[in-house]
Amino acid sequence: MALVHKFLSGTYIFRKCLKPSVASCPVLGTRFADYCSSSLQKPVAAPGKNSSQRNTEGDLQGHHQREVALDITSPGEKPEFSFDKAIKDEIKDHCRRLKDDIVNYWRGPEGRPLHEVLMEQAKVVWQFRGKEDLDKWIVTSDKTIGGRSEVFLKMGKNNQSALLYGTLSSEAPKDGESGRSGYCAMISRIPRGPFERKRSYDWSQFNTLYLRVRGDGRPWMVNIREDTDLIQRKNQMYSYFMFTRGGPYWQEVKIPFSKFFFSNQGRIRDAQYQLLLDKISSVGFTLADKVDGPFFLEIDFIGVFTDPAHTEEFAYENSPELNPRLFK
Amino acid sequence: MKPPILITIMFTMVAGTTIVLTSSHWLTIWIGFEMNLLAIIPILMKKHNPRATEAATKYFLMQATASMLLMMGIIINLLHSGQWTMSKNTNPMASTMMTIALAMKLGLAPFHFWVPEVTQGIPMSSGLILLTWQKIAPLSILYQISPTINPNLLMPMAIASVLVGGWGGLNQTQLRKILAYSSIAHMGWMAAITPYNPTMMILNLMIYIIMTLTTFMLFMHSSSTTTSSLSQTWNKTPLTTALILALMMSLGGLPPLSGFTPKWMIIQELTKNEMITTPTLLATTALLNLYFYMRLTYATALTMFPSTNNMKMKWQFNTTKKMILLPPLTVLSTLLLPLTPLMSILD
């Protein structure tokens, strides 16, 4: 399936055009369309010309309209279409990654010596210092179900942060089915190894999630998904809330993993389970506070660390009244 | 789980394995496997969390597929021999299918992918049953059909299992996954000797079960699931730390401990059968296993691993966990080597 995806994208691009990820949706049956992150913009001729246009707030609309334009190439450039070369490049890339994987395996877990991994007390997992860091994230909104929210992701000032911004609209889509709408989300891509093998993060050494963010006062939901091979479990996630202050100062949010509650298909379940940290697949931020209007969230980095003062294992307990079968 | 239900489930599990051990009719053997499988599913899901459910699902799918293949082999055998008796198993296709089915049940390479995933997702006590009791039934069938097994099929699987078990366990920090890869490697050793001396396979199985039981019990006693939590046992129960040292070296096959006995016997049997490359390869790849056992020992018993100040000098409470069998099992896991001359009766 991974090779089919690569085949479809390989015939379109030779690393010069935008990836038509929407085109792959019907084939692979993805549940939401990917908005291309700003690093996959169409090639713009003169960067100096664009920087002057970007300066004003009024041009923000036009700026991110250019950002999300899909498979439109400028007439002057003729992208090279070479099926064989694209496939060969992909195979070479995957073989090189496989070789790196095998070499790193000798060194230790995650390519580092074991004692380094075992003694680690803090780790920056995602940071935003360049366009390539944005490629590790997907942004999505209720546009996939016919809503009117818009969300974009771009690098912040001086390439020191990422800016997630857009407009939330809780107007329900007029499809006769949906009664509610209004969400925007930013989800990390599942880490992949050579030949698109699914990987996961092992955070069992740590007990707290650390986020350095600057928001606009809106409440966000931080979601963590575990790695799974079962389709039914893809709707399960662990969530907690992040309240941003707004204002010019950066905010350091520390959320212990014991506070995350379990939900399935968007509903908080009566039977609660502890978040197991040895196979984490992705982390995401969701805004769905039913307040229409623009929003932004600036993220410096996301990390994990061990708080020795935090000894709680799980913040919630199951109730015999709600879940008698758990107590049989 | 309520005690009556637990007793029923455990009884069904034991009955299933016993039926497999004592039957000579293929259909009854298959029924025994299914009883065993159905009974262990609630045991795997003892802790109600999504990971345990996923592990139980994966285990069920894998074992059901293997049972299906086994039934296919049984029916092909029935077609060619005209009877259900186990002794009449001469058709090569049937024998191949049965071997592959049993390899899937045991977690031999290349059908080993489920073992670490399932073991990691279930509680320690369920993992103990999965990696010890669940091996008895398939190995008993392997023992009984060993004269008809194609060595050209089983030997590559055995060597691959030892390689995978050694390689895969190298970078693990989760103890259950380490034990899962250890199980794969030990199954490889057992499979390697089965075509030549099946009784030696039983010896290896018994010693492996004793060592694995002891290891699981020690980990349950110290409530450790990762290497870093195991490295703090010197603080909680210093005696457990010393036992882990001896046990890891025994699992790695170092003399003068019990774990050396099966490896020695197997290498001796293989060389008696004029095989040089295979035992050399097995002995060399066993070093990979020894490496990660020794690394566990290094972190646990040989050094005081770095930790935060509130982890040091813990108040040592009396343990409430009853591990009655732990002392005799520890003795058996480490001090059986002098009894090796008695094993000559197994020739």
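The residue numbering used here restarts from 1 in each chain and proceeds along that chain's sequence as written. Following the order in which they are written, the chains are lettered starting with A and the ligands numbered starting with 1. Selection of residues for local features in this predicted model requires a pLDDT of at least 70, selection of side-chain atom pairs for listing and counting requires 80 or more, and totals for whole chains, interfaces and linings are taken over all residues. Side-chain numbers here rest on the full set of heavy atoms in the structure, without hydrogens or water.

K.L.:
Requested: an account of the overall build of chain A, with residues and values cited.
P.N.:
What chain A contains, in helices and strands, is 7 helices and 13 strands. Taken over 328 residues, chain A has a buried fraction of 42%. Whether two residues are in contact is decided by their heavy atoms: any pair within 4.5 Å suffices. Taking the intrachain contacts of chain A between residues at least 6 apart in sequence as the baseline, contacts between residues at least 24 apart amount to 73%. Method for areas: the Shrake-Rupley scheme with a 1.4 Å probe, in which residue coverage is limited to the protein chains shown. Carbon and sulfur atoms make up 54% of the accessible area of chain A, which amounts to about 18,100 Å² in all. Comment: elements are numbered from the N terminus, with helices defined as DSSP H or I runs of at least four residues and strands as E runs of at least two. Here the term buried applies to any residue with accessible area under 20% of the maximum for its type, exposed to any over 50%, and partly exposed to those in between, with areas from a 1.4 Å probe on protein chains only.

K.L.:
Just give me the short version of the overall build of chain B, but keep the residues and values in it.
P.N.:
Tallying secondary structure elements over chain B gives 16 helices and 0 strands in all. Note on method: radius of gyration uses C-alpha positions; expected globular size equals 2.2 Å times residues raised to 0.38. What you see for chain B is a C-alpha radius of gyration of 20 Å, in line with the 20 Å of a compact globule of 347 residues. The C-alpha extent of chain B, read off along each of the three principal axes, is 70 × 50 × 35 Å. Put simply, chain B has 347 residues, and 57% of those count as buried. For chain B, contacts bridging at least 24 residues in sequence account for 77% of all contacts bridging at least 6.

K.L.:
Go over the interface of chain B and chain A, please, and point to the residues and values.
P.N.:
Contact with chain B, which involves 28 residues of that partner, is made by 29 residues of chain A. In total, chain B and chain A occlude about 2,500 Å² of area from one another, counting both sides; carbon and sulfur atoms represent 60% of this. In terms of surface lost to chain A, no three residues of chain B exceed R51(B), W167(B) and N171(B), which account for 26% of the buried area on that side. Whenever a carboxyl oxygen of Asp or Glu lies within 4 Å of a side-chain nitrogen of Lys or Arg, that contact is scored as a salt bridge. If you look at where chain B meets chain A, you find 5 salt bridges. The partner of E54(B) in a salt bridge is R233(A), with the nearest N and O atoms 2.4 Å apart. Counted as a polar contact is a pair of N or O atoms within 3.5 Å, where, for protein atoms, one must be capable of donating a hydrogen and the other of accepting one, and residues adjacent in sequence contribute only when both atoms are in side chains. Joining chain B to chain A, the criterion identifies 14 residue pairs in polar contact (both at pLDDT 80 or more). Going through the elements one at a time, α3 (50-81), α5 (114-121), α8 (151-168), α11 (227-230) and α15 (277-302) of chain B are the ones with two or more residues in the side of chain B that touches chain A. Two parts placed together each lose some accessible area; with a 1.4 Å probe, that loss summed over both constitutes the buried area.

K.L.:
Mind laying out the side chain of D278(A), listing which residues take part and the relevant values?
P.N.:
Relative to the elements of secondary structure, D278(A) occurs in the loop between β11 (267-268) and β12 (280-287). The class of D278(A) is buried, set by a relative accessible area of 12%. Within polar-contact distance, the side chain of D278(A) engages the side chain of R51(B) at 3.0 Å. Only 2.5 Å separates the side chain of D278(A) from the side chain of Q120(B), close enough to count as a polar contact.

K.L.:
Just give me the short version of the packing of α3(B) against α5(B), but keep the residues and values in it.
P.N.:
The relative placement of two packed helices is expressed as an angle between their axes plus a distance between the axes. All names here are of chain B. To obtain an axis, a line is fitted to C-alpha atoms, over the contacting stretch when the element is a helix, and the angle between two such axes runs from 0 to 180 degrees between their N-to-C directions. Where α3 contacts α5, the two axes come as close as 8 Å, and the packing angle between them is 145 degrees. Seen from above, α3 lies across α5 with left-handed handedness. Of α5, the residues touching α3 (which contributes R51, A52, A55, K58, Y59, M62 and Q63) are W114, E117, V118, Q120 and G121. Polar here means any residue other than Ala, Val, Leu, Ile, Met, Phe, Trp, Tyr, Cys and Pro, which are nonpolar, and Asp, Glu, Lys and Arg, which are charged; Gly is therefore polar. The residue makeup of the contact of α3 with α5, split by class, is 6 nonpolar, 3 polar and 3 charged. The hand of a helix crossing depends on one turn: near helix anticlockwise from the far one by less than a right angle means left-handed, and clockwise means right-handed.

K.L.:
Summarise the environment of E252(A); cite the residues concerned and give the values.
P.N.:
Residue and element names in this part refer to chain A. Assignment of secondary structure puts E252 in strand β9 (residues 251-256). Look at E252 and you get partly exposed, because its relative accessible area is 48%. Once you skip the residues sitting within four places of it in the chain, E252 turns out to touch Y210, L211 and R212. A distance of 3.3 Å separates polar atoms of two side chains, one belonging to E252 and the other to Y210.

K.L.:
Could you give me a rundown of the UniProt feature "transmembrane region" (unreviewed entry) in chain B, with the residues and numbers involved?
P.N.:
Residues and elements named next belong to chain B. UniProt positions are given in the numbering used here, feature names are shortened, and annotations may be inferred rather than shown by experiment. Following the UniProt record, one finds the feature "transmembrane region" (unreviewed entry) at residues 57-76, 96-115, 152-171, 202-220, 241-261, 281-305 and 325-346. Along residues 57-76, the helical share is 100% and the strand share 0%, with 29 Å between the first and last C-alpha atoms. The annotated region residues 96-115 carries 65% helix and 0% strand content, and the separation between its end C-alpha atoms amounts to 22 Å.

K.L.:
Outline the sheet that holds strand β10 (residues 261-264) of chain A, listing residues and values.
P.N.:
Backbone-to-backbone hydrogen bonds pair the strands of a sheet. The strands run either parallel or antiparallel. All names here are of chain A. Strand order in this open sheet of 7 strands is β2-β5-β12-β7-β8-β10-β11, and the pairing throughout is antiparallel. Sheet topology places β2 (137-141) and β11 at the edges, where each strand pairs with a single neighbour. Across 2 bridges, the pairing between β10 and β11 is antiparallel. Note on β11: the bridge partner recorded for N264 is R267. One bridge is not enough; two strands pair if DSSP finds at least two bridges between them.

K.L.:
Could you give an account of the nonpolar core, with specific residues and numbers?
P.N.:
The tendency in soluble globular proteins is for nonpolar side chains to be buried as a group. For the purposes of this section, nonpolar cores are sets of buried Ala, Val, Leu, Ile, Met, Phe, Trp, Tyr and Cys residues that join through side-chain atoms within 4.5 Å. Ranked by internal contacts, the top residues of the largest apolar core, which has 96 residues, are W26(B), F33(B), Y59(B), L139(B), I141(B) and F219(B). No other element matches the 13 residues that helix α10 (residues 198-221) of chain B contributes to this core. Once residues lying within four places of it in the same chain are set aside, the contact partners of L139(B) are L106(B), M187(B), M190(B), M201(B) and L205(B). W126(A), Y201(A), V222(A) and A271(A) belong to the second largest nonpolar core, which has 44 residues in total.

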